[in-house]
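Structural description and commentary
This is what each chain is made of:
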Amino acid sequence: MKEKIPVIDFAKCTTCGKCVDICPEKAIHRAQNDSCARCIKYCISLTIPCKPDILHFDYENCTSCGDCLSVCPEKAIHWYAIPVEKK
Ligand code: SF4
Ligand code: SF4
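Throughout this description, residue numbers start from 1 for each chain and increase along the sequence as written. Lettering of chains starts at A and numbering of ligands starts at 1, both following the order in which they are written. Local features in this predicted model are restricted to residues whose pLDDT is 70 or higher, and side-chain atom pairs enter the listing and the counts only when it is 80 or higher, whereas totals over whole chains, interfaces and linings include all residues. Each side-chain value is worked out from all heavy atoms of the structure, with water and hydrogens disregarded.

Let us look at the overall build of the protein chain. When you go through the protein chain residue by residue, the secondary structure sums to two helices and four strands. Only DSSP runs of H or I reaching four residues or more are called helices, and only runs of E reaching two or more are called strands; each is numbered from the N terminus. Along the protein chain, from the amino end to the carboxyl end, the secondary structure elements read β-α-β-β-α-β. The buried label applies to any residue whose accessible area, calculated with a 1.4 Å probe on protein chains only, is under 20% of its type's maximum; exposed applies above 50%, and partly exposed to all values in between. Taking all 87 residues of the protein chain together, the buried fraction comes to 24%. Considering only residue pairs separated by 6 or more positions, the protein chain has 76% of its internal contacts joining residues 24 or more positions apart. Note on contacts: a residue pair is in contact if any heavy atoms of the two residues lie within 4.5 Å.

The next point concerns the packing of aromatic side chains. Between rings of Phe, Tyr and Trp, where Trp is taken as its six-membered ring, a pair exists when centres lie within 6.5 Å; planes separated by under 30 degrees are stacked, by over 60 edge-to-face, and by other angles tilted. One pass over the full model with this rule turns up one aromatic pair. Between the aromatic rings of F57 and Y59, the centroid separation amounts to 5.4 Å while the plane-to-plane angle is 20°, which identifies the pairing as stacked. Using a relative accessible area of 13% as the deciding quantity, one classes F57 as buried. You can call Y59 partly exposed: its relative accessible area is 30%. By definition here, charges over rings are those cases where NZ of Lys or CZ of Arg is within 6 Å of the ring centre and within 35 degrees of the ring normal. Over the ring of W79 we find K4, and its NZ or CZ is 4.4 Å from the ring centre.

Turning next to the site of ligand 2. When we say a residue is near a molecule or strand, we mean one of its heavy atoms is within 4 Å of it. By nearness alone, 13 residues border ligand 2, and C23, C62, C65, G66 and C68 come closest of all. When the residues that make up the shell around ligand 2 are grouped by side-chain class, the tally is eight nonpolar, three polar and two charged. Only Asp, Glu, Lys and Arg are considered charged, only Ala, Val, Leu, Ile, Met, Phe, Trp, Tyr, Cys and Pro nonpolar, and every remaining residue, Gly among them, polar.

This part covers the site of ligand 1. The environment of ligand 1 is formed by C13, T14, T15, C16, G17, K18, C19, L55, C72, P73, E74 and I77. Partitioned by chemical class, the residues of the shell around ligand 1 number seven nonpolar, three polar and two charged.

Right, let's get into the confidence of the model for the protein chain. Mean pLDDT over the protein chain works out to 83, with 74% of the residues at or above the 70 mark. Think of pLDDT as the predictor's per-residue confidence, scored from 0 to 100. Confidence, expressed as mean pLDDT per element, reaches its minimum in the protein chain at strand β3 (residues 54–57) with 86 and its maximum at helix α2 (residues 67–71) with 98.

We now examine the environment of V7. Here V7 is to be found in strand β1 (residues 4–8). Spatially, the C-alpha atoms of V7 and L55 are 10.0 Å apart, while their sequence positions differ by 48 residues. Once you skip the residues sitting within four places of it in the chain, V7 turns out to touch F57, Y59, A76, I77, H78 and Y80.

Moving on, we get to unusual backbone geometry. In this structure, K26 is a non-glycine residue whose phi angle is positive, near 50°. With respect to the secondary-structure elements, K26 resides in the loop between α1 (18–22) and β2 (28–31). Judged by its relative accessible area of 55%, K26 falls in the exposed class. In this structure, S64 is a non-glycine residue whose phi angle is positive, near 60°. Its place among the elements puts S64 in the loop between β3 and α2.

Structure (structure tokens):
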């Protein structure tokens with residue numbers, strides 16, 4: 001049972017791919033983005049978080065080794081502590 005898992009802050013992530021390359025378990029994938037993005041040109045404040053290339057974790061294969069946190073130049077990956085279930 002994992003105690004923590006890595007998560008990405010997409011406000012910081014530049015999708016450089018260094019975390020994808022370093023992961024020993026191949027547990028970080030680039031997702032195909034099939035968003036149409038038509039809304040972006042109408043958003044006055046440009047706050048719509050639509051990116052052409054988004055990453056996602058395969059938590060089944062992630063061993064929580066921390067390599068992706070260490071390599072990220074933007075410090076965009078952090079740990080999420082999984083709440084322990086009380087019996
Ligand atoms: S290494 Fe950091 S900035 Fe680069 S793709 Fe991964 S999370 Fe994003
Ligand atoms: S913590 Fe380790 S195994 Fe999990 S996604 Fe990051 S580099 Fe891969």
